[in-house]
Amino acid sequence: MGLKWVAKAAVQKGISVLPGSDRLNHVLQQRVSRSVQIDDEFIERRVEWAGMHLQAFRRHGRADGPFTAVELGTGWFPFVPSLLYLAGAEQVRMLDRVDHGQTDFTLTTIDRVLERVADGSVEAHLGPVDPERVRRLGTAREQVASGDRVGGLASVGLDLCIGDATTLELDDVPDLICSNAVFEHLPRPVLEGILRRFEELSTPGTVMSHLVDMCDHYAYADSTVGVYHFLRYSDRAWKLIDNDLQPMNRLRANEYRDLYQQLGIPVTEEHLTANSAAELDGTPLAPRFAAMDLDDVAATTAWFVSASA
Ligand SMILES: C[S@@+](CC[C@H](N)C(=O)[O-])C[C@H]1O[C@@H](n2cnc3c(N)ncnc32)[C@H](O)[C@@H]1O
């Protein structure tokens, strides 16, 4: 086992106590690790995710026509909101505790999205794209480039909504509520509060679609540790290793399922990566995880779709 992940964990722990720690961490991530680089894989994954949310909405919400959406935890690059706009969203609220956005990040996002419209990959995942929407996204790009990032995004219905999702207030009910690689970073009580709030805001026809990455994220920065590495630590030991900048709650598929059940939120569709218990072979598991159904422990990604009835 290498020490790269240990160094990363120690640095994140150290800077998590400094003022402006979110921004500082992002700069470090960009410079030091490859974990937030906008490479083709990063972009293609988000095109695929947008397509998955859209298909879930078309299956369980409205089969066609315009819609409104909320994306929890948009982060630095508004790929999924931009793609949902192209797919027909009239408004996408980009809900985040912090406005991580910057002009260059937003321009990169729009440019990469427009490139993927041109090469046909957006259409492959989202279906036919209205050329007028493509044109308007290009115009929005110019407004962003001129220094008006928030106005440019808003000109195509991409509205920044900065605040804690547990206390989200909306004037109207969104048709689609989605998230991408966010749940795994939320402490369980916070996740519970957010899901409860989303459920309160939903009416019949609202669809929730959440994608969860249950891998040890240190595996993305250090090839010597595997995606199950963090499961060897007791909760007490993990609390010492984990940090507030990029926390990992280590919840497994069964624990998400139980949380939905406890909150009375239906899981209309559940898709887990097909990893089976055999994948865990040789991974020492802390007793809490060893006591679970090992197929649930081994699942590395989950997609939970809920249709409000
Ligand atoms: C890992 S990042 C999400 C990455 C992004 N979705 C993507 O696909 O690249 C998690 C995001 O959730 C946001 N977040 C964490 N807790 C939150 C809360 N209680 N309410 C709203 N946003 C929150 C963080 O600020 C951060 O931007």
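Residue numbers run consecutively from 1 along every chain, following the written order of its sequence. Predicted model: local features are reported for residues with pLDDT of at least 70 only, side-chain atom pairs are reported and counted for 80 or more only, and whole-chain, interface and lining totals are derived from all residues.

**Examining the overall build of the chain**
This is how the line gets drawn: Each helix is a run of H or I in the DSSP string that is no shorter than four residues. Each strand is a run of E no shorter than two, and both are numbered from the N terminus. Within these notes, the globule rule equals 2.2 Å times the number of residues to the 0.38 power, and the radius of gyration is based on C-alpha atoms. Residue burial here comes from a neighbour count, namely the number of other C-beta atoms, placed from the backbone, that lie within 10 Å of the residue's own C-beta, with 20 or more meaning buried, 12 or fewer meaning exposed, and in between meaning partly exposed. For the purpose of contact definition, each residue receives a C-beta atom placed from its backbone, and two residues are in contact when these atoms lie within 7 Å.
Helix and strand counts for the chain stand at 13 helices and seven strands. Here the C-alpha radius of gyration of the chain, 19 Å, is about what a compact globule of 309 residues would show, namely 19 Å. Its C-alpha atoms give the chain principal-axis dimensions of about 55 × 45 × 35 Å. Put simply, the chain has 309 residues, and 35% of those count as buried. Across the chain, contacts joining residues at least 24 apart in sequence account for 76% of those joining residues at least 6 apart.

**So, the nonpolar core**
As a reminder, the rule being used: Remark: nonpolar core denotes a set of buried Ala, Val, Leu, Ile, Met, Phe, Trp, Tyr and Cys residues whose joining runs through C-beta atoms within 7 Å.
Among the nonpolar cores identified, the biggest contains 65 residues, and Ala50, Ala69, Leu83, Leu84, Tyr85 and Ala87 are the most heavily contacted of them. With residues up to four places along the chain from it excluded, the contact list for Ala69 reads Leu84, Ala89, Val92, Pro174, Asp175, Leu176 and Cys178.

**Quick notes on the sheet that holds strand β2 (residues 89–96)**
The criterion, for reference: Think of it this way: DSSP has to see at least two bridges between two strands before they count as a pair. In this analysis an axis means a line fitted to C-alpha atoms, helices contributing only their contacting stretch, and an angle means the value between N-to-C directions, from 0 to 180 degrees.
With mixed pairing, the seven strands of this open sheet are ordered in space as β3-β2-β1-β4-β5-β7-β6. Edge positions in the sheet fall to β3 (158–162) and β6 (269–272), since each of these pairs with one other strand and no more. On average, each strand axis in the sheet is inclined to that of its neighbour by 15°, with strand direction left out of account. Where β6 meets strand β7 (residues 301–307), four bridges bridge the pair, whose relative direction is antiparallel. Residue pairing across strands places Glu270 opposite Phe304, the latter belonging to β7. Packed onto the sheet, helix α11 (residues 253–263) meets β5 (207–213), β6 and β7 and runs at close to 15° relative to β7.

**Structural notes on the pairing of β2**
To keep things clear, this is the line we draw: The path from the first strand over the helix to the second decides the hand: if it runs clockwise while the strands point away from the viewer, the crossover is right-handed.
Of all eight residues in β2, seven are buried, a share of seventy percent or more. Judged from the six bridges that link them, strand β1 (residues 67–72) and β2 form a sheet pairing that is parallel. Residue pairing for β2: Glu71 is matched across the bridge by Met94. With helix α4 (residues 79–86) bridging β1 and the parallel β2, this β-α-β connection has right-handed handedness. Of the strand pairs in this sheet, β2 and β3 are connected by five bridges, and their pairing is parallel. Along β3, the bridge assignment pairs Asp96 with Ile162.

**Here's the deal with the environment of Trp238**
Tracing the backbone shows Trp238 in helix α10 (residues 235–241). Between the C-alpha atoms of Trp238 and Leu18, which are 220 residues apart in sequence, the distance is 21 Å.

**A word on α4**
Across the eight residues that make up α4, a large majority, eight, are buried. Within the sequence span of α4, burial applies to Phe79, Val80, Pro81, Ser82, Leu83, Leu84, Tyr85 and Leu86. Directly after α4, the chain includes Gly88, whose backbone phi takes a positive value near 120°.

**Notes on unusual backbone geometry**
Even without being a glycine, Ala181 presents a positive backbone phi close to 55°. By the C-beta count within 10 Å, which is 18 here, Ala181 ends up partly exposed. In the Ramachandran plot, Arg250 falls in the positive-phi region, its phi being about 60° despite a non-glycine side chain. Mapped onto the secondary structure, Arg250 falls in the loop between α10 and α11. Taking the number of C-beta atoms within 10 Å as the measure of exposure, Arg250 has 19 and is therefore partly exposed.

**So, the site of the ligand**
As a reminder of what qualifies: Only the C-beta atom, placed from the backbone, is used; a residue is near a molecule or strand if that atom lies within 6 Å of it. Think of it as three bins: nonpolar holds Ala, Val, Leu, Ile, Met, Phe, Trp, Tyr, Cys and Pro, charged holds Asp, Glu, Lys and Arg, and polar takes everything else, Gly as well.
The ligand sits among 18 residues. The nearest are Gly73, Gly75, Arg97, Ala165 and Asn180. In terms of residue class, the shell around the ligand is built from eight nonpolar, seven polar and three charged.

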